[in-house]
Amino acid sequence: HALGHTGVPFDSASVADLASGKLKDYKVYIFCNLHWMTPEKERLLAGLRAKGKTVVLPETPLAEVDLRKLLAAQGVHIWDDNPRDVIYANASCVALHSAVPGEKTIRLPRRAKVTMLSPERREIAADTDRIVFTPQGNGLSTTLFRIIPR
């Protein structure tokens with residue numbers, strides 16, 4: 001639950017994905033369900049640490065705010081400052097699910113052309129590094145944008 005409120009998009013993977021060598025390269029690896037340690041898992045985690053990666057294990061208690069601070073300290077791009085919002089993003093789209101009404105700001109990792117896709121379709125900006133908008137309704141809403149990096 002806390003990951004969804006960090007303002008950072010994330011991928012889900014298993015230790016088996018890490019062992020396969022096919023996992024993308026990340027700055028921070030958070031293992032939510034790594035309760036049974038084996039020598040092979042220890043070796044994989046040691047390999048991540050040797051590459052300068054941050055490894056967070058289940059016994060590390062982190063609140064949402066602490067997790068945001070940890071991610072920011074590791075150079076992870078924080079898309080949204082409101083811990084009550086949830087961000088989903090990939091190379092071409094970003095969505096913000098809002099739990100409370102009011103103006104929102106999404107900071108993009110690079111300048112992009114931005115088009116709102118839902119709840120209405122309209123161009124937001126031809127070249128920007130942030131999306132500033134007010135979601136429709138009085139609280140719970142999801143807004144989807146297409147981003148085309150410049």
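Structure's up top.
Predicted model only: the values in this text are computed from it and were never measured.

Novice: Mind showing me how you'd approach the layout of surface pockets here?
Specialist: It is the rolling of a water-molecule-sized probe over the atoms that shows where space remains empty. The calculated volume of the largest pocket comes to roughly 1,100 Å³. Looking at the lining of the largest pocket, the elements that each hand over two or more residues are β1 (28–30) and β5 (104–118). It is β1 that contributes the most residues to the lining of the largest pocket, three residues altogether. Class assignment for the residues of the lining of the largest pocket results in 21 nonpolar, seven polar and six charged.

Novice: Please explain empty space enclosed by the protein as it appears in this structure.
Specialist: Within the structure shown, the criterion is met by one cavity of 30 Å³ or more. Size it by volume and the largest cavity reaches roughly 40 Å³. Lining the largest cavity, in full, are Leu-108, Pro-109, Arg-110, Ala-112, Ile-147 and Pro-149. Counting residues per element, the ones that place at least two in the lining of the largest cavity are β5 and β7 (141–149). At four residues, β5 tops the list of elements feeding residues into the lining of the largest cavity. Looking at the lining of the largest cavity residue by residue, the classes come out as five nonpolar, no polar and one charged.

Novice: What is the right way to read the pattern of salt bridges from this model?
Specialist: Side-chain pairs of opposite charge can arise whenever the charged atoms involved come near each other. Following the criterion strictly, the structure yields eight salt bridges and no others. When the shortest N-O distance is used, the salt bridge between Lys-53 and Asp-25 registers 3.0 Å. With Lys-53 in the loop between α2 (39–50) and β2 (54–56) and Asp-25 in the loop between α1 (15–20) and β1, this residue pair connects regions lying 28 residues apart in the sequence. The class for Asp-25 is exposed, based on a relative accessible area of 59%. A salt bridge links Asp-81 to Arg-107; the nearest nitrogen and oxygen atoms lie 3.0 Å apart. Of this pair, Asp-81 sits in the loop between α3 (64–73) and β3 (86–89) while Arg-107 sits in strand β5; the two residues are 26 residues apart in sequence, bridging distant segments of the chain. Since its relative accessible area comes to 54%, Asp-81 is described here as exposed.

Rules behind the numbers
As a convention, each chain's residues are numbered from 1 in the sequence order in which they are written. Residue-level local features of this predicted model are given only where pLDDT is at least 70; pairs of side-chain atoms are given and counted only at 80 or more, and the full residue set underlies all totals for whole chains, interfaces and linings. The basis for every side-chain value is the complete set of heavy atoms in the structure, and neither hydrogens nor water enter the calculation. A 1.4 Å probe that fits into a set of points on a 1 Å grid over the protein atoms alone but cannot get out defines a cavity; an open set with protein on both sides within 12 Å along at least five of seven lines defines a pocket, and lining residues are those with an atom within 4 Å of a point. Grid points are joined across faces, edges and corners, and a volume is the space filled by probe spheres set on the points. The way it works is that DSSP assigns letters per residue, a run of H or I at least four long becomes a helix, a run of E at least two long becomes a strand, and they are numbered from the N terminus. For this classification, the nonpolar set comprises Ala, Val, Leu, Ile, Met, Phe, Trp, Tyr, Cys and Pro, the charged set comprises Asp, Glu, Lys and Arg, and every other residue, Gly included, is treated as polar. The term salt bridge refers to a pairing of a side-chain nitrogen on Lys or Arg with a carboxyl oxygen on Asp or Glu at a separation within 4 Å. For every residue, the accessible area (1.4 Å probe, protein chains only) is compared with the maximum for its type, and the residue is labelled buried under 20%, exposed over 50%, or partly exposed between those bounds.

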